[in-house]
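# Report on the structure
Chain by chain, the residues:
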Amino acid sequence: MSHELVLGGKKAASVSYSIERPRKKPENAVISGLNLYQCLRQYIMTKQQLEENGFPLPHPTESGRAIINSSRSKKVNSVDVSEKICCRCGSAFKVSPKGVYLVKEECFYHWGRAIKVRAAGAYETRYSCCQSGLHSEGCCVAKLHVFDHMDPNCHKGFVKTLPKDLPSSGNFGVFALDCEMCYTTMGIELARVTVIGPDLSPVYESLVKPENPVIDYNTRFSGIVESDLSDVVTNLRDVQAVLLSEFNDKTILIGHSLESDFKALKLIHETVVDTSVVFPHKMGLPYKRALRTLVAEYLKKIIQNSVDGHDSHEDAAGCMELMLWRIREDLKVSA
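This write-up is about the structure you can find in this document.

Analysis parameters
Residues numbered from 1 in each chain as written. Predicted model: local features only at pLDDT ≥ 70, side-chain atom pairs only at ≥ 80, totals over all residues. Heavy atoms only, no water. Helix = DSSP H or I, 4+ residues; strand = E, 2+ residues; numbered from the N terminus. Buried < 20%, exposed > 50% of the residue type's maximum accessible area, 1.4 Å probe, protein only. Contact = heavy atoms within 4.5 Å. Areas by Shrake-Rupley, 256 points an atom, 1.4 Å probe, with all protein chains shown as cover. Polar contact = N/O pair within 3.5 Å; in protein donor to acceptor, adjacent residues only side chain to side chain. Core = buried A, V, L, I, M, F, W, Y, C linked by side-chain atoms within 4.5 Å. Salt bridge = Lys/Arg side-chain N within 4 Å of Asp/Glu carboxyl O. Pairing = 2+ DSSP bridges. Disulfide = S-S within 2.5 Å. Axes fitted to C-alpha atoms, helices over the stretch in contact; angles between N-to-C directions. Parallel < 35°, antiparallel > 145°, perpendicular 65-115°, else oblique. Left-handed = near helix turned anticlockwise from the far one by under 90°. Nonpolar A, V, L, I, M, F, W, Y, C, P; charged D, E, K, R; others polar.

### Observations regarding the overall build of the protein
When helices and strands are tallied, the protein shows ten helices and 16 strands. Looking at the protein as a whole, 47% of its 335 residues qualify as buried. Excluding contacts between residues fewer than 6 apart, the proportion of contacts in the protein whose partners are at least 24 apart in sequence is 66%. Accessible surface for the protein amounts to roughly 17200 Å². Of this, 51% is attributable to carbon and sulfur atoms.

In C-alpha cells, the structure reads:
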C-alpha cells in the first residue's frame, strides 16, 4: 500500500469537494508545553511497534546505516538486483545500479485503489478512479515505470537524533511532521518537508531538491510540479541538519505512517506517536486507516480536498489535531 493511499484512503480516489475550508486553531487547545508532552508519552511507540511498522532503526555496528524490517517492505527480486517492480502497474522492469532505465516503456496504471462496490445485488472489486474491473487496462499512462521500495544497499546516509540535557521546562518538545515525495531514477525521494508545533503554526517548511533525476513528480498526490523544484537548492543534507538542530532523541514527533517520511528523510528517531497506530485498523497490520478518514470521523473535518494534490501542512495539522482530540477525550474520562 503506497504512502499516498494510506493518507488519502479509498474515497480520495473517487471523491472531490468544491468547498475550501479555512484552517482553524484546534478548539479548546489548552493543552500545551510540558502538560502536552506528558499526556502524549503513553502513546509513544514501543521498539517492537517501530520494527513491525517498518521504521528505520540504528544499525548495531555501522554508523549512518539503518535497519528496516523487511517483512513490511515490498517484495523485490533477490537474484537480479537490476529488476524492479512498478508500484503503479505491477510490471517488472530493469534499472542499472546508477539508475539508468535499461528498457524504456510506458506505464498504464490505475491511480485509484481497488475497492468493493455493490452491483446487481453482489459485491464487485473495481478501481475507484474509473470504476473499471481489476483486470482492465490502466486508465492513466506515464512515460516510465516507477518504484518506491528502498534497496537494502541504500540504507546508508541516515542520521539519528541526539540526546540533550533536560530543559529547564522539562519539555523536550512536541511536533507534527509530514513529507511529500516524488519518483526518481533511484526510487522515491523527498521533495517537501513540513514541521508544525502544537498550535499548528509552521516551525520548518522547505521544498527539497532530489538527489537523482526525477521520473514523476507524483503531482496528483504530492501537489508538486516541475516548476516548484526548478530553482530549489536545498538538499536532503540541509534538511537533516535543520531537523537535528530542532529535535533531540526525546522530542515527540507526531505523524501518520511516519515510517515513510523517516525513510525519505533518512532519519532515525524512536520517540514517535503515529496516528495510524493510535487509531488502528480493525484488521491490524498491514492494514491502516487513512488519515483523511480519521480526520473526518473524529474531527468532523474534510482534508485533502484540493485537486492540486496533498498539502503537507494540512496533513501534519490533521495529525496534531487528532492527538489533541485524543488527549482531551482521555482527560474527560479521568476527570
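Structure shown, so let's carry the discussion forward.
### Quick notes on the environment of Gly223
Structurally, the position occupied by Gly223 is in the loop between helix H4 (219-222) and helix H5 (226-229). Take Gly223: its relative accessible area is 21%, and that puts it in the partly exposed class. With 31 residues separating them in the primary sequence, Gly223 and Arg192 have C-alpha atoms 9.9 Å apart.

### Focus on the side chain of His145
Position of His145 relative to the elements: it lies in the loop between strand E8 (140-142) and strand E9 (159-160). For His145, the side chain forms a polar contact with the side chain of Glu105, separated by 2.9 Å. Apart from the residues within four sequence positions on either side, His145 is in contact with Cys86, Cys89, Ser91, Phe93, Tyr101, Glu105, Glu106, Cys107 and Ile215.

### Section: the nonpolar core
Leu40, Val174, Ile254, Met320 and Met323 are the most contacted members of the largest nonpolar core, which totals 30 residues. Elements with a minimum of two residues in this core: helix H2 (33-40), strand E10 (174-184), strand E14 (252-255), helix H9 (291-299) and helix H10 (312-334). It is H10 that contributes the most residues to this core, nine residues altogether. Membership of the second largest hydrophobic core comes to 24 residues, among which are Phe175, Met181, Phe262 and Leu265.

### Description of the pattern of salt bridges
Taken as a whole, this structure holds nine salt bridges when the rule is applied. With a closest N to O distance of 3.4 Å, Arg326 and Asp330 form a salt bridge. Of the two residues, Arg326 and Asp330 both sit in helix H10, four residues apart, roughly one turn of that helix. Put simply, Lys332 and Glu329 hold a salt bridge, and the shortest N to O gap is 3.1 Å. With Lys332 and Glu329 both in helix H10 and three residues apart, this pair spans about one turn of that helix.

### Looking at the pairing of E10
A regular strand places its side chains so that they alternate between the two faces of the sheet. Summarising burial for E10: eleven of the eleven residues are buried, a large majority. The alternating pattern of E10 places Val174, Ala176, Asp178, Glu180, Cys182 and Thr184 and Phe175, Leu177, Cys179, Met181 and Tyr183 on opposite faces, both of which are buried. Inspection of the sheet shows E10 paired to E14 by three bridges, in the parallel sense. Along E14, the bridge assignment pairs Val174 with Ile252. As judged from the nine bridges shared by E10 and strand E11 (residues 187-196), these two strands associate in the antiparallel manner. Across the sheet, residue Cys182 finds its bridge partner in E11, namely Glu189. Between E10 and E11, which pair antiparallel and follow one another directly, the connecting turn spans two residues.

### Describing the state of the cysteines
Summed over all chains, the structure comprises zero disulfides. The thiol of Cys87 is not disulfide-bonded; the next cysteine sulfur, from Cys86, is found 5.5 Å away. Judged by relative accessible area, Cys87 falls into the partly exposed class, the value being 26%.

### A look at unusual backbone geometry
Trans is the common state for peptide bonds, and a negative phi is the common state for residues other than glycine. Across the junction of Leu285 and Pro286, the peptide omega takes the value 10°, indicating a cis bond. Relative to the helices and strands, Pro286 resides in the loop between helix H8 (275-278) and H9. Positive phi, normally seen in glycine, also occurs at Gln131, with a value near 65°. With respect to the helices and strands, the residue Gln131 is situated in the loop between strand E7 (122-127) and E8. In this structure, Asn218 is a non-glycine residue whose phi angle is positive, near 55°. Note on Asn218: relative accessible area 6%, which makes it buried.

### Section: the packing of H9 against H10
In helix packing, the relevant descriptors are the interaxial angle and the interaxial distance, both defined with respect to the helix axes. Packing of H9 against H10 leaves a shortest axis separation of 10 Å and a crossing angle of 40°. One finds that H9 runs oblique with respect to H10. Helix-helix and strand crossings are classified by hand; for H9 and H10 the assignment is left-handed. The segment H9 lies against H10, with Leu291, Leu294, Val295, Tyr298 and Leu299 engaging Asp315, Gly318, Cys319, Glu321, Leu322 and Trp325. A class-by-class count of the residues in the contact of H9 with H10 yields eight nonpolar, one polar and two charged.

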